[in-house]
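# Close look at the chain arrangement
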Amino acid sequence: MKLRFRIRHKLVFFTAVFLGSMVITAWYFFTNNLNEKSIEDAKVVAQTSAREYANQIESRLNHNQGMMRALANGVQDFVDFQGDYSNEAILDTLLSSFYKRNEDLLAVYYILELAAIDPDWHKDHGRYISLAQKEGNDITYFKATLDTASISNPSSYYYQTKRKPAEVLAEPYQDLLNENLKGLLMSSQAAPLFLPSGKFAGIVACDLSLGGFADLVKDIHPYPGSEAYLVSYEGTVVGHPDQSMIGNKLMDLAEHLPSDEHMLDKIMAGENFSYTVEEGEIPYFITFVPVVSQGTEKPWTLAIKIPLSIFMEQAKELTKGASIGLIIGLLVLLAIIWGLAYSITSPIIKTTGMLKRIAQGEVSKNNHLSIKSRDEIQDMAESLNQVMDSLSEITNFAHEIGRGNLNVELQSKSENDHLGKALLEMKDSLQTASAQEKTRKKEEDQRNWANTGLAKFSEITRNADANIEELSYKIISELVKYTNANQGGIFLLETDNREHPVLEQKACFAYDRQKFLQKEILVGEGIAGRCFQEKETIFMTDIPSSYINITSGLGDASPSCLLVIPLKVNEEVYGVLEIAAFTKFEPYQIEFIERLGESIASEISAMRVNIRTQKLLQEAQLQGEQLRAQEEEMRQNMEELEATQEDAARRENDLDQKLKEATDRATVAENKLEVALLEIKNLKSDQLK
């Protein structure tokens, strides 16, 4: 006896088998692709994160290298004017002034070839060092002459720079001579000096502690379980979560790194590279990115290790959500097929016709099946009509969703209305995605606004002349316009020829016009003075009526908000920026203005260094002119003395000549007298005879 199955059972069975096989196949490819994509996403995220942290380290190195470059330029400008390096007093003054403004460094010094300061020195070695360093709260100075007999350390960064003059970031080392710094891992940054002829003359350099970099690396945890390493050009570990590893070589980490004999070569070449490794059956992704100090040729490298399980968990969550969606969709399809199977017992023609119309997409509330059998068939027909109504509502719902109307309503038919719930969940997901997209676009617009503003003001500072007042006016005028504020001003610290330091207003701008106001504020006085003293941003929306008024053609009014930020860089404050508006500043605008304040402070610091350098050069030039005037006066005196001596010698010769002539005449007269006497004697003798 052959088994017979009802049509609905056959439909359900074969459909379930077919859909199940399709779902399993699709699921297999989906999970494989998802895992692969998760791994690729992990690599991209790790590399991006490593690059961001590498940029922070590069920023610190570039700041110090820039200071060395500025000091070298100042010394070079003086030497180009002076003609040589013989004036040690001026060089020591530049060194001392620079170190007092950068006491966070361990030491600042310059090293000169003896041949550059002593024209009688003809050896290829021998150098002179002048160093300033911090001991306790005092600055001590050290001077010495080194390597006069031979080169003591030909592998040092000084002689490497001498062989190939360029800016240098030295390999990390430990100071074994200074008891206060003994055991401290440190490095040096240097810039070369040249004679006016272009020949190498020496370097200016600074010693800096690498502890700050180690602390920065220790705090790098972009994801749970991640860690970072900072490695120098020759493989010395500068930063590591395990403090005992700092100062060792990269190969000491071999048990935590992949086996690659060319790893150090890649680090020296400044390459981006990555590995996937396992530690205790846990897969990790390690990416290496170069850290390049601007102007140097030996990059360091930052490595970040991230467990792949973090990204695989995200893949598992997506897989779980997709599984639920597939199951719900499969159940909905099975329910529809089940209902269709029941409809087969109704009149074949009507049922088939309606099914064909449904299959052709003719969904309308007016397209109903009319069966009045008052039995299960009628119930089936009415259910089919309800399906038609539901599909019509779903179609209308889908059309509205397609038009972008995410507020369209769809009523769930029952607690078991899986399709309705799925569509409502889809609508909720689309609404969430739309809201997220709007938020993302808003944040992106805010970032673009801030980045555009920073680029704009960077261009202003780059093209500015060495005039702080003019630069201040350009910045505050453009800032007031760019932020749609109404009034702003810049106050800078002034200490020259004053009993007490004050904040002097350098520029003021309101309603598209420059305001020429003279205003001074004591440090700690008022909101601006308090902002300078506390080194923190002050944002006020409840402003005292007597503090500030914004004046326009329509009258005076108090602003709705006031923002005062310190102009600081490396915790040194150079002044404050004050800006007021009728509309409240958004957090991203405040953050932008704070970042701009750091840029302004850095530029003002550089300009003041340049102004001081120019002043020192002018003083040196004046002293040189005075010396030349004194030399000219001495030369004239010597010429007058030589003329006097020549005249005295000439008179002495004339007197000798006259004396000789008088002597000759006296001799002739004496001879004539003797002859006359002889003649008289002879005459008398003749008379007697």
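Residues numbered from 1 in each chain as written. Predicted model: local features only at pLDDT ≥ 70, side-chain atom pairs only at ≥ 80, totals over all residues. Heavy atoms only, no water.

## A few points about the overall build of the chain
- A tally of helices and strands in the chain yields 13 helices and 21 strands.
- Across the 689 residues of the chain, 38% fall into the buried class.
- Long-range pairs, those at least 24 residues apart, make up 56% of the contacts in the chain between residues at least 6 apart in sequence.
- When the accessible area of the chain is evaluated, it comes to approximately 40,600 Å², of which 53% is carbon and sulfur surface. (Helix = DSSP H or I, 4+ residues; strand = E, 2+ residues; numbered from the N terminus. Buried < 20%, exposed > 50% of the residue type's maximum accessible area, 1.4 Å probe, protein only. Contact = heavy atoms within 4.5 Å. Areas by Shrake-Rupley, 256 points an atom, 1.4 Å probe, with all protein chains shown as cover.)

## Thoughts on the nonpolar core
- In terms of nonpolar packing, the biggest core is built from 55 residues, with Ile57, Leu230 and Leu302 touching the most fellow members.
- Looking at this core, the element that brings in the most residues is helix H1 (residues 7–82), giving 13 residues.
- Discounting chain neighbours no more than four positions away, the residues touching Ile57 are Phe213, Leu216, Val217, Leu230, Val291 and Leu302. (Core = buried A, V, L, I, M, F, W, Y, C linked by side-chain atoms within 4.5 Å.)

## Some details on helix H10 (residues 418–462)
- Between its first and last C-alpha atoms H10 spans 64 Å; for 45 residues at 1.5 Å apiece the expected length is 66 Å, and the two agree.
- Listed in full, the buried residues belonging to H10 are Gly420, Leu423, Lys427, Trp449, Ala450, Gly453, Leu454, Phe457, Ile460 and Thr461. (Expected span 1.5 Å × (residues − 1).)

## Points about empty space enclosed by the protein
- The tally for this structure, following the rule as stated, stands at three cavities of 30 Å³ or more.
- Approximately 120 Å³ is the volume attributed to the largest cavity.
- Considering the residues around the largest cavity, the lining is formed by Met67, Ala70, Leu71, Gly74, Leu94, Ser97, Phe98, Arg101, Val609, Arg612, Thr613 and Leu616.
- Those elements that place two or more of their residues in the lining of the largest cavity are H1, helix H2 (88–100) and helix H13 (587–688). (1 Å grid on protein atoms, 1.4 Å probe; cavity = no way out; pocket = protein on both sides within 12 Å on 5 of 7 lines; lining within 4 Å. Points joined across faces, edges and corners; volume = space filled by probe spheres on them.)

## Examining the pattern of salt bridges
- Summed over all chains, the structure comprises 22 salt bridges.
- A salt bridge links Glu437 to Arg440, with the shortest nitrogen-to-oxygen separation between them at 2.5 Å. With a gap of three residues between them, Glu437 and Arg440 both fall in helix H10, about one helical turn apart.
- Taking the relative accessible area as the measure of exposure, Arg440 reaches 37% and is therefore partly exposed.
- In this structure, the salt-bridge partner of Lys506 is Glu469, at a minimum N-O distance of 3.2 Å. Of this pair, Lys506 sits in strand S14 (residues 502–510) while Glu469 sits in helix H11 (residues 468–482), and the two are 37 residues apart along the sequence.
- For Lys506, a relative accessible area of 15% corresponds to the buried category.
- Bridged by salt links that share partners, the residues Glu469, Glu494, Glu504, Lys506 and Arg608 form one connected network. (Salt bridge = Lys/Arg side-chain N within 4 Å of Asp/Glu carboxyl O.)

## Topic: the side chain of Asn486
- Note that Asn486 resides in the loop between H11 and strand S13 (487–494).
- At a separation of 2.9 Å, a polar atom in the side chain of Asn486 contacts the main-chain amide nitrogen of Phe582. (Polar contact = N/O pair within 3.5 Å; in protein donor to acceptor, adjacent residues only side chain to side chain.)

## Overview of unusual backbone geometry
- Backbone geometry at Asn484 places phi at a positive 55°, although glycine is not the residue there.
- Look at Asn570: it is not a glycine, yet its phi comes out positive at around 55°.

## Here's the deal with the pairing of strand S2 (residues 127–135)
- Most of S2 is tucked away, with seven of its nine residues classed as buried.
- Relative to strand S3 (residues 138–146), S2 is paired through nine bridges, and the arrangement is antiparallel. Looking across to S3, one finds that Glu135 is bridged to Asp138.
- From the end of S2 to the start of S3, which pair antiparallel, there are two residues, and Gly136 there has a positive phi angle of about 70°. (Pairing = 2+ DSSP bridges.)

## Quick notes on the environment of Val408
- With respect to the helices and strands, Val408 occurs in the loop between helix H9 (376–402) and H10.
- Overall, Val408 belongs to the buried group, its relative accessible area being 9%.
- In the structure, Val408 is positioned ten residues away from Ala398 in sequence and 9.3 Å away in space, judged by C-alpha atoms.

## Comments concerning the packing of aromatic side chains
- For the coordinates displayed, the defined rule picks out twelve aromatic pairs.
- Taking the centre distance of 5.5 Å and the plane angle of 85° together, the rings of Trp449 and Tyr588 count as edge-to-face. Here Trp449, found in helix H10, pairs with Tyr588, found in helix H13; they are 139 residues apart in sequence, far enough to count as distant.
- The exposure class of Trp449 is buried, given its relative accessible area of 19%.
- A connected cluster of aromatic rings, assembled from ring pairs, spans Trp449, Phe457, Tyr482, Tyr588 and Phe592.
- We note Arg60 situated over the ring of Phe213; from NZ or CZ to the ring centre the distance is 5.9 Å. (Phe/Tyr/Trp six-rings, centres within 6.5 Å; stacked < 30°, edge-to-face > 60°. Lys NZ or Arg CZ within 6 Å of the ring centre and 35° of its normal.)

## Points about a negative patch on the surface
- Together, Glu536, Glu571, Glu591, Glu594 and Glu598 line one region of the surface with negative charge.
- You can see Glu598 is positioned in helix H13.
- Given the relative accessible area of 48%, Glu598 is considered partly exposed. (Patch = residues over 30% accessible without salt bridge, like charges linked within 9 Å, V, L, I, M, F, W, Y side chains within 5 Å. Lys, Arg positive; Asp, Glu negative; His and termini not counted. Charge placed at Lys NZ, Arg CZ, Asp CG, Glu CD.)

## Some remarks on H11
- Taking 1.5 Å as the rise per residue, H11 with 15 residues should run 21 Å; its terminal C-alpha atoms sit 21 Å apart, in good agreement.
- Inspection of H11 places Ile468, Leu471, Ser472, Ile475, Ile476, Ser477, Leu479, Val480 and Tyr482 among the buried residues, and these make up the whole buried set.
- Asn484 lies just past H11 and shows a positive phi near 55°.

## Some words on the sheet that holds strand S8 (residues 227–231)
- Strand order in the open sheet made by the five strands is S9-S8-S12-S11-S10, with antiparallel pairing throughout. At either end of the open sheet lies a strand with only one pairing partner, and these are strand S9 (237–239) and strand S10 (273–279). Neighbouring strand axes in the sheet, compared pairwise and without regard to direction, differ in orientation by 30° on average.
- Alignment of strand S11 (residues 282–291) against strand S12 (residues 300–307), held across eight bridges, turns out to be antiparallel. Note that in S12 the partner of Thr287 across the bridge is Ile304. (Axes fitted to C-alpha atoms, helices over the stretch in contact; angles between N-to-C directions.)

## A word on a nonpolar patch on the surface
- A grouping of Leu673, Leu677 and Ile680 is seen on the molecular surface, where their side chains present a nonpolar patch of about 290 Å² in accessible area.
- Examined against the element boundaries, Leu673 turns out to sit in helix H13.

## Some words on the confidence of the model for the chain
- Taken as a whole, the chain shows an average pLDDT of 78; of its residues, 81% reach a score of 70 or greater.
- For the chain, strand S18 (residues 550–552) is the element with the lowest average pLDDT, namely 48, and strand S20 (residues 561–569) is the one with the highest, namely 91.
- Throughout residues 551–555 the model reports pLDDT below 50, and contacts reaching past four residues in sequence, or to other chains, amount to four contacts. (pLDDT = per-residue confidence, 0-100.)

## Focus: the environment of Glu591
- On the secondary structure map, Glu591 appears in helix H13.
- Along the backbone, Glu591 and Ala450 are 141 residues apart, and their C-alpha atoms lie at a distance of 8.7 Å.

## Focus: the packing of H10 against H11
- At a minimum axis separation of 10 Å, H10 and H11 run at an interaxial angle of 160°. Classed by the angle they form, the pair H10 and H11 counts as roughly antiparallel. Where H10 crosses over H11, the handedness of that crossing is right-handed. On H11, the residues that touch Trp449, Thr452, Gly453, Lys456, Phe457, Ile460 and Thr461 of H10 are Leu471, Lys474, Ile475, Glu478, Leu479 and Tyr482.
- Within the contact of H10 with H11, the residues separate by chemical class into seven nonpolar, three polar and three charged. (Parallel < 35°, antiparallel > 145°, perpendicular 65-115°, else oblique. Left-handed = near helix turned anticlockwise from the far one by under 90°. Nonpolar A, V, L, I, M, F, W, Y, C, P; charged D, E, K, R; others polar.)

## Here we look at the pairing of S8
- Within S8, four of the five residues are buried, leaving the element largely enclosed by the surrounding structure.
- The pairing of S8 with S12 spans five bridges and is classified as antiparallel. Residue pairing across strands places Tyr229 opposite Ala303, the latter belonging to S12.
- Relative to S9, S8 is paired through two bridges, and the arrangement is antiparallel.

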